[in-house]
Amino acid sequence: AKGGFLMPARVVVGVQWGDEGKGKIIDILASRADVVVRSQGGNNAGHTVENGGQVYKLQLIPSGILYPETLCLLGSGVVINPKGILGEIDALEARGISCQLLRIDPRAHVIMPWHLLLDGLSEQMRGKAEIGTTKKGIGPCYMDKAERSGLRIWDLVHEEVFRKKARFAGEQKNQLITKLYGAQPMDLDAIIEEYLRYGERLAPLLADVSVLVYDCLKQDKRILFEGAQGTLLDIDLGTYPFVTSSHPTSGGACIGTGIGPTAIDKVTGVAKA
């Protein structure tokens, strides 16, 4: 049933600014894959997939989730809104789609409520020069990652570590929110308690995605790297500054999952006329 793959590892990328209709192509290829991997971006991107007469709007979870035997992986290059992904899991399971084979790399960064707030405040301050972000906190999360002050999923599932790191980060962000933007500070106690509950639910899903992908490659399993957004939104190669904060190129699949470029056999680009 899973024939049709000429090569074991394939990347699908959008070759414009996203919204090229990748979801349809990815769904066709995911039906023949053993493993589907997402390597970058967050719930600012996603795919609308029609499968079995049903329409699914997948934001972060790979579209392989619609196939019960397919392993679905979120690599370390992804940024994860815990509330968002848990809502997506609950919505899928309510429709009879199992998320038992979903795995998340503990090195993936966590989108915190201050990232969402700062995304909106920053765009507001830019006025007519706004970038046009989705205000989902993606850029500010990647900013903290680059600054080495980000919180990772690993932190989220270790209570004492998370309490300490989130308190420190949140106090810094509150200074920024109140003094630079003149907005109300965030309730850090409430945020920490809420996010620790998310961590408890996500803990069973954690696995080293780089090792899982490598092991699957060694077993000659068919792996599909599912790109989000498009090449011209790449932070380095795109139409800067109107770009995203990650690498939605084929090379980004390697960076965001921890595998070498020689593992990629085929790259499929999707464009719209």
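Scroll up a little and you will see the structure.
Residues numbered from 1 in each chain as written. Predicted model: local features only at pLDDT ≥ 70, side-chain atom pairs only at ≥ 80, totals over all residues. Heavy atoms only, no water.

Undergrad: Just to check I follow, could you spell out helix α8 (residues 209-218) for this structure?
TA: An α-helix turns once every 3.6 residues. As a result, residues three or four positions apart point the same way. Among the residues of α8, Val 209, Ser 210, Val 213, Cys 216 and Leu 217 are the ones counted as buried. Down the axis of α8, the sector holding all buried residues measures 130°, keeping them to one side. Tucked inside the fold, the buried residues of α8 contact β1 (9-14), β2 (35-38), β5 (71-74), β7 (102-104) and β9 (223-226). (Buried < 20%, exposed > 50% of the residue type's maximum accessible area, 1.4 Å probe, protein only. Helix = DSSP H or I, 4+ residues; strand = E, 2+ residues; numbered from the N terminus. Arc of directions from axis to C-beta. Contact = heavy atoms within 4.5 Å.)

Undergrad: Looking at this structure, how should I read the layout of surface pockets?
TA: A water-sized probe rolled over the atoms picks out the places where empty space is left. For the second largest pocket, the calculated volume is near 170 Å³. Surrounding the second largest pocket, 13 residues form its lining, Gly 77, Tyr 142, Lys 145, His 247 and Ile 255 being those nearest its centre. Broken down by element, the residue count for the lining of the second largest pocket peaks at three residues, all from helix α4 (residues 138-146). Residues that form the lining of the second largest pocket fall into these classes: three nonpolar, nine polar and one charged. (1 Å grid on protein atoms, 1.4 Å probe; cavity = no way out; pocket = protein on both sides within 12 Å on 5 of 7 lines; lining within 4 Å. Points joined across faces, edges and corners; volume = space filled by probe spheres on them. Nonpolar A, V, L, I, M, F, W, Y, C, P; charged D, E, K, R; others polar.)

Undergrad: Looking at this structure, I do not really get helix α2 (residues 82-94). What am I missing?
TA: Counted at 1.5 Å a residue, the expected span for α2 with its 13 residues is 18 Å, and the 18 Å between its end C-alpha atoms agrees. What α2 keeps buried is the set Pro 82, Ile 85, Leu 86, Glu 88, Ile 89 and Leu 92. Take α2 and look down its axis: the buried residues cluster within an arc of 155°, on one side only. Exposed residues lying more than 90 degrees from the buried face of α2 are Lys 83 and Ala 94. With a side-chain oxygen lying 3.1 Å from the backbone nitrogen of Lys 83, the N-terminal cap of α2 falls on Asn 81. Among the residues trailing α2, Gly 96 stands out with phi positive, at a value near 85°. (Expected span 1.5 Å × (residues − 1). Polar contact = N/O pair within 3.5 Å; in protein donor to acceptor, adjacent residues only side chain to side chain.)

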